[in-house]
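# Architecture and fold: a report
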Amino acid sequence: MKNIELLEHQIALQRVRDAGIEMEIDAAYAVAYNIHNMKQALDPYIESRKTIEQKHMREDGEIDTIALSSDDDLNKLNDIEVECDIRKVPLDTLPKTIGVDIMTALYFMIK
């Protein structure tokens, strides 16, 4: 999985966790496990991204997001494949009444 994909999945899982949705223990554990592993896998990415962001810091202390989005180094960093152990769960361990947004966030974890 690419760094940027992993980051997007981590953010989505954190939203699921923060929504306080009740789920079976297997699914809840998988969400917590995956958030933890993703954070560890993304630590080098975050550090490298901070270095790239510093190059695009304006005098007012804000990041020039337009320049950042077209930075070749950032694009290369986003596309690096990274290993991360993802715990998957059967569909039937997820709540039956979750919305599309939650299902979309969990989709990559379903066996």
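The structure reproduced in this document is the subject of the present report. Since we're looking at a predicted model, the values are computed, not measured.

### Focus on the pattern of salt bridges
- Applying the stated criterion to the full structure yields 8 salt bridges.
- With a shortest N-O distance of 3.7 Å, E47 and K50 are connected by a salt bridge. Linking E47 with K50, this pair stays in helix α2 (residues 25-55), spanning 3 residues, or about one helical turn.
- When the shortest N-O distance is used, the salt bridge between K55 and D71 registers 3.5 Å. Here the residue K55 occupies a position in helix α2, and D71 occupies one in the loop between α3 (65-69) and α4 (72-79), the gap between them amounting to 16 residues.
- One network of salt bridges, with partners in common, ties together K55, D71 and D73.

### So, the packing of α2 against α4
- The N-to-C vectors of α2 and α4 enclose an angle of 170 degrees; their axes lie 10 Å apart at closest approach. By the criterion of interaxial angle, the relationship of α2 to α4 is roughly antiparallel. Helix-helix and strand crossings are classified by hand; for α2 and α4 the assignment is left-handed. From α2, Y45, S48, R49, I52 and K55 reach across to α4, where they touch D73, L74, L77 and N78.
- Of the residues assigned to the contact of α2 with α4, the class counts are 4 nonpolar, 2 polar and 3 charged.

### Topic: the side chain of N37
- Structurally, N37 is set in helix α2.
- Taking relative accessible area as the criterion, N37 reaches 15% and is therefore assigned buried.
- There is a polar contact of 3.3 Å between the side chain of N37 and the backbone oxygen of D85.

Rules used throughout
- Every chain is numbered independently, its residues counted from 1 as its sequence is written.
- The predicted origin of the model limits local features to residues at a pLDDT of at least 70 and limits the giving and counting of side-chain atom pairs to 80 or more, whereas totals for whole chains, interfaces and linings rest on all residues.
- Side-chain calculation: all heavy atoms of the structure are included, whereas hydrogens and water are not.
- One side-chain nitrogen of Lys or Arg within 4 Å of one carboxyl oxygen of Asp or Glu is enough to make a salt bridge.
- Each helix is a run of H or I in the DSSP string that is no shorter than four residues. Each strand is a run of E no shorter than two, and both are numbered from the N terminus.
- In this analysis, axes come from line fits to C-alpha atoms, helices being fitted only over the stretch in contact, and the angle between any two N-to-C directions falls in the range 0 to 180 degrees.
- Oblique is the label for any angle not under 35 degrees, not over 145, and not in the 65 to 115 range, which are roughly parallel, roughly antiparallel and roughly perpendicular in turn.
- Note: crossing handedness is left-handed where the near helix turns anticlockwise from the far helix by less than a right angle, and right-handed where it turns clockwise.
- Any two residues whose heavy atoms approach within 4.5 Å at even a single point are treated as in contact.
- Classes in brief: Ala, Val, Leu, Ile, Met, Phe, Trp, Tyr, Cys and Pro nonpolar; Asp, Glu, Lys and Arg charged; the others, Gly included, polar.
- Buried means the residue's accessible area, taken with a 1.4 Å probe over protein chains only, is under 20% of the maximum for its type, while exposed means over 50%, and partly exposed covers the values in between.
- As used in this structure description, the phrase polar contact means that two N or O atoms lie within 3.5 Å; if the pair is within protein, one of them must be able to donate a hydrogen and the other to accept it, and residues adjacent in sequence are counted only when both atoms belong to side chains.

Nothing here speaks to function; it is geometry throughout.
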